[in-house]
Amino acid sequence: MDRSSLLQLIQEQQLDPENTGFIGADTFTGLVHSHELPLDPAKLDMLVALAQSNEQGQVCYQELVDLIIVFLCYGARLNKWVLQTYHPEYMKSPLVYHPGHRARAWRFLTYMFMHVGLEQLGFNALLQLMIGVPLEMVHGLLRISLLYLAGVLAGSLTVSITDMRAPVVGGSGGVYALCSAHLANVVMNWAGMRCPYKLLRMVLALVCMSSEVGRAVWLRFSPPLPASGPQPSFMAHLAGAVVGVSMGLTILRSYEERLRDQCGWWVVLLAYGTFLLFAVFWNVFAYDLLGAHIPPPP
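Engineer: It is not clear to me how the overall build of the protein should be interpreted in this structure. Could you clarify?
Structural biologist: Scanning the protein from terminus to terminus reveals 11 helices and two strands. Secondary structure elements of the protein, listed N to C terminal, follow the sequence α-β-α-α-β-α-α-α-α-α-α-α-α. Residue burial in the protein is summarised as follows: out of 298 residues, 45% are buried. Residue pairs in contact within the protein that sit at least 24 positions apart in sequence constitute 71% of those at least 6 positions apart.

Engineer: Could you clarify how one ought to interpret the nonpolar core in this entry?
Structural biologist: In globular proteins that are soluble, nonpolar side chains generally tend to be buried together. If you look at the biggest cluster of nonpolar residues, it comprises 42 residues, and the most contacted ones within it are Leu-127, Leu-147, Val-243, Met-247 and Ile-251. Elements with a contribution of two residues or more to this core: α6 (117-139), α7 (141-162), α8 (172-188), α9 (198-221), α10 (235-252) and α11 (263-290). Leave out the neighbours within four places in its chain, and Val-243 touches Leu-147, Ala-150, Gly-151, Ala-154, Ala-177, Gly-248 and Tyr-272. Among the nonpolar cores identified, the runner-up in size contains five residues, and Met-114, Val-116, Val-169 and Leu-219 belong to it.

Engineer: Would you mind going over empty space enclosed by the protein with me for this structure?
Structural biologist: Rolled over the atoms, a probe with the dimensions of a water molecule shows which regions are left empty. The tally for this structure, following the rule as stated, stands at one cavity of 30 Å³ or more. The volume enclosed by the largest cavity comes to roughly 90 Å³. Considering the residues around the largest cavity, the lining is formed by Val-116, Gln-120, Val-169, Glu-212, Arg-215, Ala-216, Leu-219, Pro-232, Ser-233 and His-237. In the lining of the largest cavity, the residues fall into five nonpolar, three polar and two charged.

Engineer: Please explain the side chain of Asp-163 as it appears in this structure.
Structural biologist: The topology assignment puts Asp-163 in the loop between α7 and α8. Assessed through its relative accessible area of 14%, Asp-163 is described here as buried. With residues up to four places along the chain from it excluded, the contact list for Asp-163 reads Thr-158, Arg-220 and Ser-233.

Engineer: What's the story with a nonpolar patch on the surface in this structure? I'm lost.
Structural biologist: Taken together, the side chains of Leu-277, Val-280, Phe-281, Val-284, Phe-285, Leu-289 and Leu-290 define a hydrophobic patch exposed on the protein surface, amounting to about 740 Å² of accessible area. On the secondary structure map, Phe-285 appears in helix α11.

Engineer: Mind showing me how you'd approach the confidence of the model for the protein here?
Structural biologist: Should pLDDT be low for a region, the predicted coordinates there are not to be read in detail. When pLDDT is averaged along the protein, the result is 75, and 65% of the positions lie at 70 or above. The least confident element of the protein, judged by mean pLDDT, is helix α4 (residues 61-81) at 57; the most confident is helix α5 (residues 107-110) at 92. The low-confidence segment residues 78-86 (pLDDT under 50) makes 24 contacts with residues lying over four places distant or belonging to another chain.

Engineer: Can you walk me through the environment of Ala-184 in this structure?
Structural biologist: Looking at where Ala-184 falls in the secondary structure, it is placed in helix α8. You can call Ala-184 buried: its relative accessible area is 17%. Separated by 65 residues in the primary sequence, Ala-184 and Leu-249 have C-alpha atoms spaced 7.0 Å apart.

Engineer: Explanation requested: the packing of aromatic side chains in the structure shown.
Structural biologist: Aromatic rings in a pair are described by how distant their centres are and how their planes are angled relative to each other. Counted by the stated rule, this structure contains four aromatic pairs. Measuring from ring centre to ring centre gives 5.9 Å for Phe-278 and Trp-282, while their planes differ by 45°; the resulting arrangement is tilted. With a gap of four residues between them, Phe-278 and Trp-282 both fall in helix α11, about one helical turn apart. Sitting over the ring of Tyr-287, Arg-102 keeps its end group 3.7 Å from the ring centre.

Calculation criteria
Residues numbered from 1 in each chain as written. Predicted model: local features only at pLDDT ≥ 70, side-chain atom pairs only at ≥ 80, totals over all residues. Heavy atoms only, no water. Helix = DSSP H or I, 4+ residues; strand = E, 2+ residues; numbered from the N terminus. Buried < 20%, exposed > 50% of the residue type's maximum accessible area, 1.4 Å probe, protein only. Contact = heavy atoms within 4.5 Å. Core = buried A, V, L, I, M, F, W, Y, C linked by side-chain atoms within 4.5 Å. 1 Å grid on protein atoms, 1.4 Å probe; cavity = no way out; pocket = protein on both sides within 12 Å on 5 of 7 lines; lining within 4 Å. Points joined across faces, edges and corners; volume = space filled by probe spheres on them. Nonpolar A, V, L, I, M, F, W, Y, C, P; charged D, E, K, R; others polar. Patch = residues over 30% accessible without salt bridge, like charges linked within 9 Å, V, L, I, M, F, W, Y side chains within 5 Å. Areas by Shrake-Rupley, 256 points an atom, 1.4 Å probe, with all protein chains shown as cover. Salt bridge = Lys/Arg side-chain N within 4 Å of Asp/Glu carboxyl O. pLDDT = per-residue confidence, 0-100. Phe/Tyr/Trp six-rings, centres within 6.5 Å; stacked < 30°, edge-to-face > 60°. Lys NZ or Arg CZ within 6 Å of the ring centre and 35° of its normal.

Put into structure tokens, the structure is as follows:
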């Protein structure tokens, strides 16, 4: 349905007999629902709030129709491309970590393939291209993959311990492990590095990282939409950063020295293994012992 069809429908049903350009918001909402436009109620309420209104609380339907047409042309297509967590189909994915599906162990890793919209996907892709690719070229695929997956796994396990009701999506745990390891390594070896753009790269990485963390915190504590559970947790970002500073510094310290020959590597590996063991016991026993009220799985 195009713009002219919607406006003609309003005129045919005499919803604005005096041609004021305004009708009641409830009347317009009923019109949209009766003609089954592909627009869920939450998004429609948002568009109604954006439209101009008069003193009687009525909305300018011409402006509202324009907003809806623009949204259906662009927003609905993007929503099909990168689903949001409040979309009913999103949390049904077998990849997303949900506390109600803790027994499906693969979800503690596969959540990294799902993202909360284009913003998170864009930030993570930018940081991986800016930090991850150069690290892989210097230190090799094996070491960087190990660091990345360690950050991803630590992220989901940390959320299951500290934010027990929240789901997790996105590869931020692994991305922040790479970034924090690289930044810490640069700071410790600042004088010996010959890269002319090291300061600029650090500033860009810090801006991107802080922006994504701020966005994740806002999403977690913003009011969830009706019939939706808690928003994804931001604790995976922090856990990834801790893994990067601890394990990453050991991995990136010397690409010429084998990891098994480094004493610090075994200390970090023991600490990480202890954390994994504690997290497994926590997920098996703590939820029932503490009586955690988790949202029902989709």
